[in-house]
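Commentary on secondary and tertiary structure
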Amino acid sequence: MGKQRLIQTFLFCFFFTTFSGVLRKWVFMSTTVGNAFFATQLLLPLVFFFTSRRAFGRLFLNTAFPFYLLLLVAEAFNPLNLTIYHGLLGILIHSYFWIFIFLYLQNREDITIQSWIWPVLVVVLGEVVLGMVQYQQPATSFINRYANLEAVSGNIANVGKAVRVTGTFSYIGGYGALLIAVPFLVGYIYKKGYSPNLVLGLMGAGLVGCFISGSRGVTYIYAIELVLVIITQWRSFRQVRLTALFIPVVILGLFFTLYGNFGEIGNKIADAFNNFNNRRETLVQNGEESRRIEGDIPRILNFQGNYPLFGVGLGATYQGATQFFGTSPYVEEFGYVEGELIRVILEGGFVLFFMRFFMAWYLASRLAVPTLLKFLVFGLVFYAVVWVFNIYNAFYLAFGIILIDQAYYRRAEAPLAAP
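Residues numbered from 1 in each chain as written. Predicted model: local features only at pLDDT ≥ 70, side-chain atom pairs only at ≥ 80, totals over all residues. Heavy atoms only, no water.

Within the secondary structure, S215 is located in the loop between helix 9 (196-213) and helix 10 (216-232). Given a relative accessible area of 16%, S215 falls into the buried group. Within polar-contact distance, the side chain of S215 engages the backbone nitrogen of V218 at 3.1 Å. (Helix = DSSP H or I, 4+ residues; strand = E, 2+ residues; numbered from the N terminus. Buried < 20%, exposed > 50% of the residue type's maximum accessible area, 1.4 Å probe, protein only. Polar contact = N/O pair within 3.5 Å; in protein donor to acceptor, adjacent residues only side chain to side chain.)

As structure tokens, then:
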């Protein structure tokens, strides 16, 4: 019974993270209610304490997590921090990803995720379909509403003449976060022997989702993840007969031909790519993209802060904390900060920065995946993904890593049939 509750809690967290935005932007439309839902999102890891207390307790047995948490608590009480509330929120956001990961790793024997796969597949494909509908609607449409338009200065983000889609999420960031997990889902269903049609269809759907999201970072990460997942299984991927897609493609072609309105789907996908690519080329020309790729490296190598060892306190740069409790003068004196790693150093110093490096390495070493995917996970966790200051990224990155690890950890499982 305890194993079943653990699995159910993981699935509950997935559905809450994916669909709470529906309530925030289309049902209640109240800032207070929206903040309550977001607070619940922040506290999701604690749900395991109430539903699977024994599994939650294993977080503190024979792992690096207790030492990491101890460091976070110490840095939350940094005397330079503006308020203790900044520090408490800092503990939540800096530990969010790791709680999900270590809950899984410490209870890996008790977790089988095959019962998740079809619901998750339906959700992912449904999000892409919903995104395509949103992409065709104007920014003023009800379907493109944000949870709080004032939080983004009254502007719905665009790519070309189309909106950047949000799916069921409150803002565009959540949609992109979900897409980060899709290549790992592709790897899982292929490793478990699901239909090549489903595997290739999911790959294509995820790529379309990236284009309509308008996010270059998400698209690049998606492509890198997908390429490396394929490379690690290249011998078996070569055996996927593309001829297996011949009959479905012919049927779809006839369908689109007979029903002319659907014949525009290909054009819409092409438009999505063109809009995305035009935005990318513009930002390449003005140098913005190279700065994004380099990220924080120049500022880290030449760190200008006055407190490089322990920083100025956890949560000091977190928007949720600064909006409610104010901004520390030590953050203001440092100047503008955007990248995650420089914010980690500003909040927790190089002590927290190197702890992040160690934790990413430690996680990669414990996974059951091939070495190439271990390097991928290390790169995503340490550098590429903003998961401290974007809890949607934190959840879906953890979810994706769990999926790909299960693909290799439980090799003997046969795929479940579709419901």
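Picking up where we left off.
This next bit is on helix 19 (residues 371-384). Relative to the 20 Å expected for 14 residues at 1.5 Å per residue, helix 19 spans 18 Å between its end C-alpha atoms, a close match to the ideal helical length. Within helix 19, burial applies to L373, L376, V377, F378, L380, V381 and F382. On the buried face of helix 19, the contacting elements are helix 6 (84-106), helix 8 (172-191), helix 10, helix 18 (340-366) and helix 20 (391-409). (Expected span 1.5 Å × (residues − 1). Contact = heavy atoms within 4.5 Å.)

Of the residues in the protein, 83% have a pLDDT of 70 or more, and the chain-wide mean is 85. Confidence drops under pLDDT 50 across residues 254-263; counting only partners more than four residues distant or on other chains, this segment forms four contacts. (pLDDT = per-residue confidence, 0-100.)

Pairing is possible between side chains that carry opposite charge, provided their charged atoms lie close to one another. With the rule as written, the count across this model stands at three salt bridges. One salt bridge connects R108 with D405, and the closest N-O pair in it is separated by 2.9 Å. Of the two residues, R108 is situated in the loop between helix 6 and helix 7 (114-136) and D405 in helix 20; the sequence distance between them amounts to 297 residues. Grouping residues by exposure puts R108 and D405 together as buried. The shortest N-O distance in the salt bridge between R356 and E340 comes to 2.9 Å. Considered together, R356 and E340 belong to a single accessibility category, that of buried residues. (Salt bridge = Lys/Arg side-chain N within 4 Å of Asp/Glu carboxyl O.)

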